[in-house]
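Chain and residue survey
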Amino acid sequence: MSVVFVYAKSLPEAWEKSLVELAKNGVVIDTEYNEKSIDAPAFIVVEEPFSEPRIHLKGIVAGSLKGLLEYVDEVVKGVHDHLVEKFGYTYHERLFSYRLPNGVIVNQIEKVIEKLKKVPYTRRAQAITWQPWKDLETEHPPCLQRMWFRVVNNKLVMHVHMRSNDALKAAYMNMYAFTELQKYVAESIGVDVGRYIHVADSYHVYERDWKWFNAFVEQIERGETRSRWKSTAEYMKMIQLLKQ
Ligand SMILES: O=c1ccn([C@H]2C[C@H](O)[C@@H](COP(=O)(O)O)O2)c(=O)[nH]1
């Protein structure tokens, strides 16, 4: 079946398994960037997203090792929201200050936290990014579409829905940052972090990356990539060493 379905304990395990499944089950589909991609819908379950090791060094495709932390600050703290005019959107801006065409601004995450504090089992705690009055026309519409939250057994569960996700060059960093947002919401409610589910309508790898994608998948299957899994403490130490 041409779908990616993954069940894993940790983030590095989930990401690796998703790439193996995509290589096996993906189909070749054209893209709007004049090149082909290998593509499948993906459903990725991460049972304990904060279990260690949580870092996959190969998943950090950001120019620098600390780029992962900068991306977390962008998504959770909004450090790049001042650049929205230039880039069209940031996830933090859409989630924490979603601007309606009439100028009204909605802090969806604050509302999610309020709702879950009142009714932990509500099915209505969600935040969206899509703004059809402009995203249907803009050049770079957001890939993240919706985040859904619920408290189950005193843990905060989060489901994330993306319309499009670069499996090789973005998915790990997306999942890492989104689970940091999950932790932020969990802490605001006063519960632990629970299961994370990542859904992508199109989970893909571009043709230009196929060579190293296939090589990486072979390395995963031979068990050679475990040395790239690091605990958060090890990762922080690596960043400190680079600073010196
Ligand atoms: O958070 C993001 C933002 C972008 N992309 C990737 C997915 C696609 O490869 C590309 C956007 O292209 P379109 O789907 O808009 O054509 O960027 C991600 O994977 N995650």
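See the structure above.
Here's a quick rundown of the structure. (Residues numbered from 1 in each chain as written. Predicted model: local features only at pLDDT ≥ 70, side-chain atom pairs only at ≥ 80, totals over all residues. Heavy atoms only, no water.)

What the chain contains, in helices and strands, is nine helices and eleven strands. Expected size for 244 residues packed as a compact globule is a radius of gyration near 18 Å; at 18 Å, the chain falls within 12% of this value. Summarising its shape, the C-alpha atoms of the chain cover approximately 50 × 45 × 40 Å along the three principal directions. A total of 244 residues make up the chain; the buried ones form 48% of that total. On the chain, roughly 12700 Å² of surface is accessible, and the fraction owed to carbon and sulfur atoms is 51%. (Helix = DSSP H or I, 4+ residues; strand = E, 2+ residues; numbered from the N terminus. Rg over C-alpha atoms; globule rule 2.2 N^0.38 Å. Buried < 20%, exposed > 50% of the residue type's maximum accessible area, 1.4 Å probe, protein only. Areas by Shrake-Rupley, 256 points an atom, 1.4 Å probe, with all protein chains shown as cover.)

Here we take up the site of the ligand. In the vicinity of the ligand, the contacting residues are Tyr 33, Tyr 91, Cys 143, Met 162, Arg 163, Ser 164, Asn 165, Asp 166, Ala 170, Asn 174, His 204 and Tyr 206. Contact between the ligand and His 204: an oxygen atom at 2.7 Å from a side-chain N or O atom of the residue. Taking Tyr 206, its side chain carries an N or O atom lying 2.5 Å from an oxygen atom of the ligand. When the ligand sits alone it has 460 Å² of accessible area, and the protein chains cover 77% of it. Those elements that provide at least two residues to the shell around the ligand are strand E9 (155-166) and strand E10 (192-206). (Near = heavy atom within 4 Å. Polar contact = N/O pair within 3.5 Å; in protein donor to acceptor, adjacent residues only side chain to side chain.)

This paragraph deals with the pairing of strand E3 (residues 36-46). Among the eleven residues in E3, eight count as buried, and that is most of the element. Where strand E1 (residues 4-8) and E3 come together, five bridges link them in parallel fashion. Residue Ala 8 lies in a different strand from E3, and its bridge partner there is Val 46. Here strand E2 (residues 27-30) runs beside E3; their pairing, made up of four bridges, is antiparallel. Bridge pairing in E3 links Val 28 to Ile 38. Two successive antiparallel strands, E2 and E3, enclose a turn made up of five residues, where Asn 34 displays a positive phi of approximately 60 degrees. Two elements, E3 and E10, share nine bridges in a ladder whose sense is antiparallel. Paired with Ile 44 across the bridge in E10 is His 198. (Pairing = 2+ DSSP bridges.)

The full count for this structure, using the stated rule, is nine aromatic pairs. Consider the rings of Phe 96 and Tyr 184, whose centres lie 6.0 Å apart with planes at 55 degrees: the pair is tilted. Placement of the pair is Phe 96 in helix H4 (residues 91-96) and Tyr 184 in helix H7 (residues 171-189), with a sequence separation of 88 residues. Since its relative accessible area comes to 35%, Tyr 184 is described here as partly exposed. Each residue in the set Trp 15, Tyr 172, Tyr 176 and Phe 216 is aromatic and connected to the rest through ring pairs, giving one cluster. For Arg 208, the ring lying beneath its charged end belongs to Tyr 206, and the centroid distance is 4.8 Å. Over the ring of Trp 229 we find Arg 226, and its NZ or CZ is 4.2 Å from the ring centre. (Phe/Tyr/Trp six-rings, centres within 6.5 Å; stacked < 30°, edge-to-face > 60°. Lys NZ or Arg CZ within 6 Å of the ring centre and 35° of its normal.)

Attention now moves to the side chain of Glu 93. Summarising the element assignment, Glu 93 is placed in helix H4. Excluding residues within four positions of it along the chain, Glu 93 makes contact with Asp 81, Val 84 and Tyr 98. (Contact = heavy atoms within 4.5 Å.)

Note that all results are geometric; they support no functional claim without further evidence.
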